[in-house]
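Each chain is listed here by its residues.
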Amino acid sequence: MMIIGIDVSKAKLDALWLKDTTTGANKTKIFANTAQGHAALIEWARHQTKSPPESLHFILEATGVYSEAIAHALYRAGAQVSVLNPAHVRDYAKSIGVRTKTDKKDSGVLARYGATQQPRLWRPEPAEIRYLKALLSRYEAINEDVQREKNRREKAEVIQAVEVVTSIDTVLEQLIKEKKRLEMLINQHIDQHPGLKQDREFLESIPGVGPVVSRYMLSVLRSREFASGPQSAAFLGLVPVHHESGSSVRGRARLSKTGNATVRAKLYMAAVVAIQHNPDIKKQYERLLKNGKTKMSALGAAMRKLVQICFGVLKHQKPYHAQAV
């Protein structure tokens, strides 16, 4: 397998083919981060390595919209692709003694990571999930704009700026209207896909999971193949991180918070409801408090448990049934 690291930026792609992992011999070239540049990169890789696309393994970091297009182009061409967590790459670079940061250095680190760490292969999300995520992202942005305008209105009322209040009310009216329209589009999109519609019903059978949380959990749990409930919870940054050293350092465990912060915020509110109304989560929460855990620690465990239950109902394609008696 031929390993090629790609450092992705908004305008360009720095590619490095690692010819020899022992000597570090390599070939490099820069391409535009455009459709034409993607095609040129694939052709260059084929020509340099004398290999078909299926024998090429491209390694790049997740950089949002900048890395999505090239990842999809490589996957469509038949190549293997790995899209890495930037934090993992930084830790790896430190472990091999790389301190300086340049585009060429970064592509070299990515290629070495691919050659030595056997990273997981990337698969594109289903088209309906990508569209759902786009709708949810826009809905969240509009919702934040609504809250900001409400905050501005409060300040304008304090200083009795009547014309400012009128202006804000005009903008607020349009934002609220757009927020309702986007919510309708989200529901219509889910309804138009029988699989998503059925999954939403399974998720909303769980006490604590309402329409808002079910949408976000759909966008997460159907975006990739998770092997287990704990893995999906870890993806969302809900695993506890312990800080201990020797016999003297005993820091309080905290959530890793490495995943999507918006989804975690929704899950926090859902867990608050679940510890009152979900039998399994309520029982766990009370047991942890009885065993001396803090309320925040027990609530973090409730968030984890809720994600695992969501994973379970989708995996087994059955509504929620309480296990606690």
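Scroll up to find the structure this text is about.
1. Notes on the packing of helix α10 (residues 261–277) against helix α12 (residues 295–316)
Here α10 crosses α12 at 100 degrees, and the two axes come no closer than 9 Å. The angle between the axes of α10 and α12 places the two elements in the roughly perpendicular class. Within the contact between the two elements, α10 uses Arg264, Leu267, Tyr268, Ala270, Ala271, Val272, Ala274 and Ile275 and α12 uses Met296, Leu299, Ala302, Met303, Leu306 and Val307. Counted by class, the contact of α10 with α12 contains 13 nonpolar, no polar and 1 charged residues.

2. Comments concerning the sheet that holds strand β3 (residues 26–32)
Here we have 5 strands laid out as an open sheet, ordered β3-β2-β1-β4-β5, and mixed in their pairing. Either end of the sheet is taken by a strand with one partner, and the two such strands are β3 and β5 (80–84). Ignoring strand direction, the axes of neighbouring strands in this sheet form an average angle of 20 degrees. The pairing of strand β1 (residues 2–8) with strand β2 (residues 12–18) spans 5 bridges and is classified as antiparallel. What sits directly across from Ile6, in β2, is Ala15.

3. Remarks on the packing of helix α6 (residues 162–191) against helix α7 (residues 194–203)
Where α6 meets α7, the closest approach of the two axes is 6 Å, and the angle between their N-to-C directions is 110 degrees. Between α6 and α7, the angle falls in the class roughly perpendicular. From α6, Asn187, His189, Ile190 and Asp191 reach across to α7, where they touch Leu196, Lys197 and Arg200. Among the residues making up the contact of α6 with α7, the classes are represented as 2 nonpolar, 2 polar and 3 charged.

4. Quick word on the pattern of salt bridges
As enumerated under the stated definition, the model contains 12 salt bridges in all. Among the ionic pairs, Arg130 bridges to Glu68, the shortest N-O distance being 3.5 Å. One end of the pair, Arg130, is in helix α5 (residues 127–158); the other, Glu68, is in helix α2 (residues 65–76), with 62 residues separating them in the sequence. Assessed through its relative accessible area of 36%, Arg130 is described here as partly exposed. Notably, a salt bridge pairs Lys133 with Glu125, separated by 2.4 Å at the nearest N-O pair. Beyond isolated ion pairs, a larger network of salt bridges with shared partners links Arg153, Glu157 and Asp169.

5. What to know about the environment of Ala233
Among the secondary structure elements, Ala233 is positioned in helix α9 (residues 229–235). Residue classification places Ala233 among the buried positions, given a relative accessible area of 1%. Along the chain, Ala233 and Gln308 lie 75 residues apart, while their C-alpha atoms are 6.8 Å from each other. If near-sequence neighbours (up to four positions away) are discounted, Ala233 is found in contact with Leu238, Val239, Arg304 and Val307.

6. A word on the nonpolar core
Counting residues in each nonpolar core, the largest one holds 52 residues, and the members touching the most others are Leu203, Ile206, Met217, Leu236, Leu267 and Leu306. Where this core is concerned, the elements lending two or more residues are α5, α6, α7, α8 (211–221), α10, α11 (279–290) and α12. Looking at this core element by element, the count peaks at 12 residues for α12. In this structure Leu203 touches Val209, Ser214, Met217, Leu218, Cys310, Val313 and Leu314, once residues within four positions along its chain are discounted. Membership of the second largest hydrophobic core comes to 20 residues, among which are Leu13, Phe31, Ile42 and Leu74.

7. What about unusual backbone geometry?
Residue Gln118 is not a glycine yet carries a positive backbone phi of 50 degrees. Relative to the helices and strands, Gln118 resides in the loop between α4 (103–117) and α5. Judged by relative accessible area, which is 72%, Gln118 ranks as exposed. Of note, the phi angle at Gln160 is positive, near 55 degrees, even though the residue is not glycine. Note on Gln160: relative accessible area 68%, which makes it exposed.

Criteria and thresholds
Residues numbered from 1 in each chain as written. Predicted model: local features only at pLDDT ≥ 70, side-chain atom pairs only at ≥ 80, totals over all residues. Heavy atoms only, no water. Axes fitted to C-alpha atoms, helices over the stretch in contact; angles between N-to-C directions. Helix = DSSP H or I, 4+ residues; strand = E, 2+ residues; numbered from the N terminus. Parallel < 35°, antiparallel > 145°, perpendicular 65-115°, else oblique. Contact = heavy atoms within 4.5 Å. Nonpolar A, V, L, I, M, F, W, Y, C, P; charged D, E, K, R; others polar. Pairing = 2+ DSSP bridges. Salt bridge = Lys/Arg side-chain N within 4 Å of Asp/Glu carboxyl O. Buried < 20%, exposed > 50% of the residue type's maximum accessible area, 1.4 Å probe, protein only. Core = buried A, V, L, I, M, F, W, Y, C linked by side-chain atoms within 4.5 Å.

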